[in-house]
Amino acid sequence: MKSLKMTVLLTLVVLLAYPNAVKSQSSIPLSDSSTVSLITCGSGAETYSLFGHTAIRIKDPASAIDEVYNYGTFDFSTPNFYLKFVKGDLKYLETSAPYLDFMQEYLYESRSVYEQVLNLSTPQKQELFRALNAALHSEDRFYIYKFIDKNCTTMVVNVLNKSLGGEVLVKTGDTAETYRAILNPYFNGDFYEQLGISIIFGAKVDRPGTQIFLPSELQAAVKTAQYKGQPLCLENRTLLEFPAVVVPFSWWNNFYAFSLIFLVLILVHKKAVYRVFFLLLAAFGLFLSFAGLYSLHQELQYNYNILLFNPLLLALVYCDIRNFKRGVYWSSRIALASLAIYLLIMINKVHLLMVLPLIVASILGLLQTATGQEGSLLNLFRKLFRKGEPLK
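Residues numbered from 1 in each chain as written. Predicted model: local features only at pLDDT ≥ 70, side-chain atom pairs only at ≥ 80, totals over all residues. Heavy atoms only, no water.

K.L.:
I would appreciate a short explanation of the overall build of the protein chain in the present structure.
P.N.:
The secondary structure content of the protein chain amounts to 14 helices and nine strands. As presented, the protein chain carries roughly 20,700 Å² of accessible surface, and 64% of it is formed by carbon and sulfur atoms. (Helix = DSSP H or I, 4+ residues; strand = E, 2+ residues; numbered from the N terminus. Areas by Shrake-Rupley, 256 points an atom, 1.4 Å probe, with all protein chains shown as cover.)

As structure tokens, this is what we get:
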């Protein structure tokens with residue numbers, strides 16, 4: 001028991017002393033042998049770690065300093081965590097950890113870690129070291145997370161560019177590729193996660209991806225960047241490397257299984273089934289509307305996917321249940337017109353194929369609901385848009 005009390009006491013002493021120890025480090029002069037490195041971490045299994053991670057390592061053997069600073073920390077215990085995340089006012093913060101502790105986490109998660117030693121002068125290293133520690137112990141350590149504009153990578157870009165005295169780190173490669181297209185390969189075979197992200201994101205992610213916002217992009221920029229006529233990257237190192245995770249084939253988590261669901265829906269063509277289908281579409285459309293109006297995330301705003309997930313379908317189902325055929329007729333026409341506009345918008349979008357089963361099922365369902373009849377797609381269109389009085 002005495003030994004246990006002593007262990008607990010020593011642990012508390014270490015935990016209380018550690019922040020002060022880190023704070024005091026900023027006043028330590030770095031030696032000429034010190035190094036500043038960009039750390040790039042590979043994808044993880046969790047959604048929040050899907051796109052990798054970025055950090056800064058400062059090492060000085062002469063002063064026994066080996067610390068990793070990163071801006072990707074958040075607290076799950078934050079009150080109303082998920083509402084704050086959706087709204088876009090969740091605070092992330094800068095934290096630091098000893099290098100060995102940092103690496104232990106990525107070793108445990110089997111995630112690759114790469115290091116790029118930067119070509120900085122000793123005064124630049126010292127100023128960066130001071131700035132990182134100063135922010136770490138002030139309100140400056142907090143920032144409001146934004147998926148594209150403010151994340152663990154963009155914050156590091158800003159810090160490093162400030163240290164370099166200009167826009168040294170800029171996007172390399174194809175800057176015409178959209179943010180949505182850049183994100184697609186990261187889902188590694190998880191179709192439903194890819195579909196969900198594609199639907200939730202609105203028009204902003206269809207802009208050209210001219211800004212560095214992913215760890216791999218920053219890693220590529222550092223490899224080719226020039227600073228004062230010299231390469232910014234002195235050395236590329238592999239600290240940890242694991243083979244790419246091969247996702248096992250899933251009978252349900254793929255485009256073909258997803259399409260099969262809607263093929264069955266079309267073949268069954270039961271009114272009750274279509275009602276449920278339309279209610280689900282409308283419910284998700286209400287969520288997209290709420291997110292677009294409530295959230296400060298620009299990525300969730302101006303979401304044209306609401307033309308597919310149309311809240312007006314609630315009115316269609318209500319009119320159909322009440323056998324109000326004129327209401328069914330006009331709500332169907334409006335919903336079909338919305339789908340036509342949606343198809344025009346989606347022509348050059350990378351997620352068109354993913355939502356195509358939903359589009360086809362919606363069109364056939366609307367036509368069959370409006371006409372109350374089965375038949376070929378062309379005949380149903382003719383019945384719905386024939387001249388004269390609407391369906392009675």
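K.L.:
Sorry if this is basic, but what is going on with the pairing of strand β4 (residues 91–98) here?
P.N.:
Where strand β3 (residues 65–73) and β4 come together, five bridges link them in antiparallel fashion. When the sheet's bridge partners are listed, Asn-70 is paired in β4 with Thr-95. As defined by bridge partners, β4 adjoins strand β6 (residues 142–144) across three bridges and the pair is classed as antiparallel. Across the sheet, residue Leu-93 finds its bridge partner in β6, namely Phe-142. (Pairing = 2+ DSSP bridges.)

K.L.:
What should I look at first to understand helix α3 (residues 99–108) in this one?
P.N.:
For an α-helix the count is 3.6 residues per turn, leaving residues at separations of three or four pointing the same way. Of all the positions in α3, only Tyr-99, Phe-102, Met-103 and Tyr-106 are classed as buried. Buried residues in α3, looked at end-on, bunch into an arc of 90°, giving them a common side. Of the exposed residues in α3, the ones pointing more than 90 degrees away from its buried face are Leu-100, Asp-101 and Tyr-108. Buried residues belonging to α3 abut β1 (35–41), β2 (53–60), β3, β4, β5 (113–118) and β9 (233–240). Note on α3: the residue one or two positions beyond its end, Ser-110, has a positive phi of about 55°. (Buried < 20%, exposed > 50% of the residue type's maximum accessible area, 1.4 Å probe, protein only. Arc of directions from axis to C-beta. Contact = heavy atoms within 4.5 Å.)

K.L.:
Just to check I follow, could you spell out the environment of Tyr-92 for this structure?
P.N.:
Counting through the fold element by element, Tyr-92 comes out in strand β4. The spacing of Tyr-92 and Tyr-71 is 21 residues in sequence and 7.0 Å in space, taken between C-alpha atoms. With residues up to four places along the chain from it excluded, the contact list for Tyr-92 reads Tyr-71, Gly-72, Thr-73, Phe-74, Phe-85, Arg-141, Phe-142, Tyr-143 and Tyr-145.

K.L.:
Would you mind showing me how to read the packing of helix α7 (residues 191–200) against helix α9 (residues 255–268) here?
P.N.:
A pair of packed helices can be characterised by two numbers: the angle between their axes and the separation between those axes. The N-to-C vectors of α7 and α9 enclose an angle of 70°; their axes lie 9 Å apart at closest approach. Considered as vectors, α7 and α9 are oriented roughly perpendicular to each other. When α7 is examined against α9, the residues Phe-191, Tyr-192 and Leu-195 are found in contact with a partner set consisting of Phe-255, Ala-257, Phe-258 and Ile-261. (Axes fitted to C-alpha atoms, helices over the stretch in contact; angles between N-to-C directions. Parallel < 35°, antiparallel > 145°, perpendicular 65-115°, else oblique.)

K.L.:
Whenever I open this one, the state of the cysteines confuses me. Can you help?
P.N.:
Any covalent bond linking the sulfur atoms of two cysteines counts as a disulfide. Taken as a whole and judged by the stated rule, the model has zero disulfides. With no disulfide of its own, Cys-152 has Cys-41 as its nearest cysteine by sulfur position, at a separation of 8.6 Å. Of the residues examined, Cys-152 reaches a relative accessible area of 12% and is grouped as buried. (Disulfide = S-S within 2.5 Å.)

K.L.:
Teacher, can you tell me more about the sheet that holds β3 here?
P.N.:
Two orientations exist for strands paired in a sheet by backbone hydrogen bonds: parallel and antiparallel. Pairing within the open sheet is antiparallel, and its seven strands lie in the order β6-β4-β3-β2-β1-β5-β9. Unpaired on one side and paired on the other, β6 and β9 mark the two borders of the sheet. Each neighbouring strand pair of the sheet contributes to a mean axis angle of 25°, computed without reference to strand direction. In the sheet, β1 pairs with β5 via five bridges, with the strands oriented antiparallel. Counted as the bridge partner of Leu-38 is Gln-116 from β5. Against the sheet, helix α4 (residues 122–136) contacts β1, β2, β3 and β4, and its axis sits at roughly 55° relative to β3.

K.L.:
Where do I start with α9 in this structure?
P.N.:
Between its terminal C-alpha atoms α9 stretches 20 Å, which fits the 20 Å expected from 14 residues at 1.5 Å a residue. Where α9 is concerned, the buried positions are Ala-257, Phe-258, Ser-259, Phe-262, Leu-265 and Ile-266. Among the structural elements, α7, α10 (271–294) and α13 (352–371) are those in contact with the buried residues of α9. Among the residues of α9, the N-terminal cap falls to Asn-254, whose side-chain oxygen and the backbone nitrogen of Tyr-256 are separated by 3.0 Å. (Expected span 1.5 Å × (residues − 1). Polar contact = N/O pair within 3.5 Å; in protein donor to acceptor, adjacent residues only side chain to side chain.)

K.L.:
Sorry, what's going on with the packing of aromatic side chains here?
P.N.:
How two aromatic rings sit relative to each other is given by the distance of their centres and the angle of their planes. For the structure on display, the rule yields 26 aromatic pairs. Measuring from centroid to centroid gives 5.8 Å for Phe-255 and Tyr-256, while their planes differ by 75°, and the two rings are edge-to-face. Pairwise contacts between aromatic rings join Phe-191, Tyr-192, Trp-252, Phe-255, Tyr-256, Phe-258, Phe-262, Tyr-274, Phe-277 and Phe-278 into one cluster. The aromatic ring of Tyr-99 is capped on one face by Arg-57, whose charged end is 3.5 Å from the ring centroid. The cationic tip of Lys-349 hangs over the ring face of Tyr-304; the distance from NZ or CZ to the ring centre is 5.7 Å. (Phe/Tyr/Trp six-rings, centres within 6.5 Å; stacked < 30°, edge-to-face > 60°. Lys NZ or Arg CZ within 6 Å of the ring centre and 35° of its normal.)

Nothing here speaks to function; it is all geometry.
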